[in-house]
Amino acid sequence: MRLTLESAAEQGLASSRLMFEFTENEKMADTSHIKDILKSYKKMGFATALDDFGAGYAGLQLLADFQTDYIKLDMALVRNIDTDMPRRMIVESIVKLCRRMDIAVIAEGIETSGELEAIRDMGVGLVQGYLLARPSFEKLPELGYDLAGAADKAAA
């Protein structure tokens, strides 16, 4: 944590620009310790996220135990969401639940314009995936990428 704060200060990043992610793929045995960590991070102004939601150990149990600022839907749930009705219904339910809990949803693994359109139709505006940008080292994606026109750009 100290190294993260020092690095952020060196780069001129406010703590409100930092997000700490807990992954669902790891078993969290000491829930009271994790709750204390989340409280500490929130007190310092950090955002928190539950990563890979829907792919790991406890799913809804983790959401019941830990209310982070964000959940990041695992790409396995998002894959083919435009054509796979069971996936679509599951994700719609998760999105509605998170909205009621005041938790923002990020959809991971958006690779097609159909997936982007389907996820946007559900009201999810935070997305990541190859359709938008591929991971790279020390490089940011093109600025000004318009999600409203992303489907048109991907189809071109």
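Rules of the game
- Residues numbered from 1 in each chain as written.
- Predicted model: local features only at pLDDT ≥ 70, side-chain atom pairs only at ≥ 80, totals over all residues.
- Heavy atoms only, no water.
- Helix = DSSP H or I, 4+ residues; strand = E, 2+ residues; numbered from the N terminus.
- Buried < 20%, exposed > 50% of the residue type's maximum accessible area, 1.4 Å probe, protein only.
- Contact = heavy atoms within 4.5 Å.
- Areas by Shrake-Rupley, 256 points an atom, 1.4 Å probe, with all protein chains shown as cover.
- Pairing = 2+ DSSP bridges.
- Axes fitted to C-alpha atoms, helices over the stretch in contact; angles between N-to-C directions.
- pLDDT = per-residue confidence, 0-100.
- Expected span 1.5 Å × (residues − 1).
- Arc of directions from axis to C-beta.
- Right-handed = clockwise from strand over helix to strand, strands pointing away.
- Salt bridge = Lys/Arg side-chain N within 4 Å of Asp/Glu carboxyl O.

### A few points about the overall build of the protein chain
Then, in step 1: Regarding its fold elements, the protein chain presents seven helices and five strands.
Then, in step 2: Ordered by position from the N terminus, the helices and strands of the protein chain form the series α-β-α-β-α-β-α-α-β-α-β-α.
Then, in step 3: By the burial criterion, 35% of the 156 residues in the protein chain qualify as buried.
Then, in step 4: Put simply, 56% of the contacts in the protein chain that link residues at least 6 apart link residues at least 24 apart.
Then, in step 5: Split by element, the accessible area of the protein chain, about 9800 Å² in all, is 52% carbon and sulfur.

### Considerations on the environment of Leu73
Then, in step 1: Mapped onto the secondary structure, Leu73 falls in strand E3 (residues 70-73).
Then, in step 2: Leu73 gets classed as buried once you look at its relative accessible area, which sits at 0%.
Then, in step 3: Distance in space between the C-alpha atoms of Leu73 and Val127 is 9.5 Å, their sequence separation being 54 residues.
Then, in step 4: With residues up to four places along the chain from it excluded, the contact list for Leu73 reads Phe53, Val78, Val91, Ile94, Val105, Ile106, Ala107 and Glu108.

### A closer look at the sheet that holds E3
Then, in step 1: Pairing is parallel across the open sheet formed by five strands, whose spatial order is E1-E2-E3-E4-E5. Two strands bound the open sheet, and with one partner strand each, they are strand E1 (19-23) and strand E5 (126-127).
Then, in step 2: In this structure, strand E4 (residues 104-107) lies alongside E5, joined through two bridges in parallel fashion. Looking at E5, one finds that Ala107 is bridged to Val127.
Then, in step 3: Sheet strands in contact with helix H2 (residues 31-43) are E1 and strand E2 (47-53), and its direction is about 165° off that of E1.

### Details of the confidence of the model for the protein chain
Then, in step 1: Overall, the prediction assigns the protein chain a mean pLDDT of 83, with 84% of residues at 70 or greater.
Then, in step 2: A low-confidence stretch, residues 149-156 (pLDDT under 50), is modelled with nine contacts involving residues beyond four sequence positions or located in other chains.

### Structural notes on helix H5 (residues 85-100)
Then, in step 1: Under the 1.5 Å per step criterion, the end-to-end length of H5 is 23 Å for 16 residues, consistent within 8% with the ideal 22 Å.
Then, in step 2: Buried residues of H5: Arg88, Val91, Ile94, Val95 and Cys98, and no others. Taken end-on, H5 shows its buried residues confined to a sector of 130°, consistent with a single buried face. Turned more than 90 degrees away from the buried face of H5, the exposed residues are Lys96 and Arg100.
Then, in step 3: Turning to H5, the residues buried within the fold contact E2, helix H3 (60-65), E3, helix H4 (75-78), E4 and helix H6 (113-121).
Then, in step 4: At the C-terminal side of H5, Asp102 shows a positive phi close to 60°.

### Here we look at the pairing of E4
Then, in step 1: In terms of strand pairing, E3 meets E4 through four bridges, oriented parallel. The residue bridging Tyr70 from the neighbouring strand is Ala104, located in E4.
Then, in step 2: In this fold, E4 hands off to H6, which returns the chain to E5; that crossover is right-handed.

### Brief notes about the pattern of salt bridges
Then, in step 1: Summed over the entire model, instances satisfying the criterion amount to seven salt bridges.
Then, in step 2: The partner of Glu111 in a salt bridge is Arg79, with the nearest N and O atoms 3.5 Å apart. Separated by 32 residues along the polypeptide, Glu111 in the loop between E4 and H6 and Arg79 in the loop between H4 and H5 bring together distant segments of the chain.
Then, in step 3: The class of Glu111 is partly exposed, set by a relative accessible area of 39%.
Then, in step 4: Here the residues in one salt-bridge network are Glu21, Lys72 and Glu108, joined through shared partners.

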